[in-house]
Amino acid sequence: TVFSSIEAGIPNGIAIEFGLDCLSFTPANPGDKGSATVVLTECFFAPVTVSGEISATWDFSDPVNSNLHITGDLTISVNGDTISVSEIDYSYAYKDDGVTSTFTTSIAYTLSSEIFGGFIVQTPVAITDSYNYTTLESIYGGQIVLTGANNSQIRINFPAGTLELDSEGDGSFIPLEGVAF
């Protein structure tokens, strides 16, 4: 067992207990402001094996101005099929200046696998959502690109709700008319 019942470094004093030899946890700057790294080395949860590293930094010391940032890379194998989740970049922020209260999240990543002949899912423009509690307005945006055989791609654009196709894999996208979401 690497460790059991660690409280230092976890936001809001949440206790975490692990009994896994494949996992290491390194907290720094314990309390409401700090950072931590989790390293997984071939952790087996039948039939799934996970390896990778996730790092987090947070500051919850000011209840009206808090944030969390998570980055990392993971490899997930299920019965011999592997999926890689790389360039993970997630952020969360809450701000309240006494007039306006806003909650914002953002995520970017690359997902790839040889399953089904190989595919890649990327977010070249991070997917974001910002919600204003004062005006009850939500603003979101981003872009997802799916890459398949022969580098052909489908690009999904937010908030426009448009789909574009590059069937030749040459970077020339054409809009898919009549397709909306």
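This text goes with the structure placed above it.
(A) Structural view of the overall build of the chain. Helices and strands together make up the secondary structure of the chain, namely zero helices and 11 strands. Secondary structure elements of the chain occur, N-terminal to C-terminal, as β-β-β-β-β-β-β-β-β-β-β. Residues counted as buried form 28% of the 181 residues belonging to the chain. Restricting to contacts in the chain with at least 6 residues of sequence separation, those with at least 24 account for 23%. Surface exposure of the chain reaches about 10700 Å², of which carbon and sulfur atoms provide 57%.

(B) View of the pairing of strand β2 (residues 33-45). As paired strands, β2 and strand β3 (residues 48-59) are joined by 11 bridges and run antiparallel to one another. Across the sheet, the residue bridging to S35 is T57, located in β3. If you look at the hairpin formed by β2 and β3, you'll find two residues sitting between the two strands.

(C) Layout of the packing of aromatic side chains. In total, this model carries four aromatic pairs according to the counting rule given. Relative to Y92, the ring of F60 lies with its centre 6.4 Å away and its plane at 45 degrees, an arrangement referred to as tilted. Placement of F60 in the loop between β3 and β4 (65-78) and of Y92 in strand β5 (residues 81-96) is noted, with a sequence separation of 32 residues between them. Aromatic ring contacts, followed pair by pair, group F60, Y92 and F103 into a single cluster. In this structure, R155 is placed above the aromatic ring of F173, and the distance from its NZ or CZ to the ring centre is 3.7 Å.

(D) Seen up close, the nonpolar core. One finds C22, L23, L40, C43, V50, L74, V85 and I88 forming the largest nonpolar core, which totals eight residues. At the level of secondary structure, the elements contributing two or more residues to this core comprise β2 and β5. Counting residues in hydrophobic clusters, the runner-up holds six residues, among them A36, W58, L68 and Y94.

(E) Just the pairing of strand β10 (residues 162-166), in detail. As defined by bridge partners, strand β9 (residues 153-158) adjoins β10 across five bridges and the pair is classed as antiparallel. Pairing of I154 across the sheet is with L165, part of β10. Taken together, β9 and the strand that follows it, β10, pair antiparallel across an intervening segment of three residues, in which G161 is found at a positive phi of about 70 degrees. The sheet contact formed by β10 and strand β11 (residues 174-175) spans two bridges and is antiparallel. Paired with L165 across the strands is I174, a residue of β11.

(F) Layout of the pattern of salt bridges. Tallied over the full model, the rule gives two salt bridges. A salt bridge links D59 to K33, with the shortest nitrogen-to-oxygen separation between them at 3.9 Å. Pair noted here: D59 is in strand β3 and K33 is in strand β2, with a separation of 26 residues, a long-range link. On the basis of relative accessibility, which here comes to 16%, the residue D59 falls in the buried class.

Analysis parameters
- Residues numbered from 1 in each chain as written.
- Predicted model: local features only at pLDDT ≥ 70, side-chain atom pairs only at ≥ 80, totals over all residues.
- Heavy atoms only, no water.
- Helix = DSSP H or I, 4+ residues; strand = E, 2+ residues; numbered from the N terminus.
- Buried < 20%, exposed > 50% of the residue type's maximum accessible area, 1.4 Å probe, protein only.
- Contact = heavy atoms within 4.5 Å.
- Areas by Shrake-Rupley, 256 points an atom, 1.4 Å probe, with all protein chains shown as cover.
- Pairing = 2+ DSSP bridges.
- Phe/Tyr/Trp six-rings, centres within 6.5 Å; stacked < 30°, edge-to-face > 60°.
- Lys NZ or Arg CZ within 6 Å of the ring centre and 35° of its normal.
- Core = buried A, V, L, I, M, F, W, Y, C linked by side-chain atoms within 4.5 Å.
- Salt bridge = Lys/Arg side-chain N within 4 Å of Asp/Glu carboxyl O.

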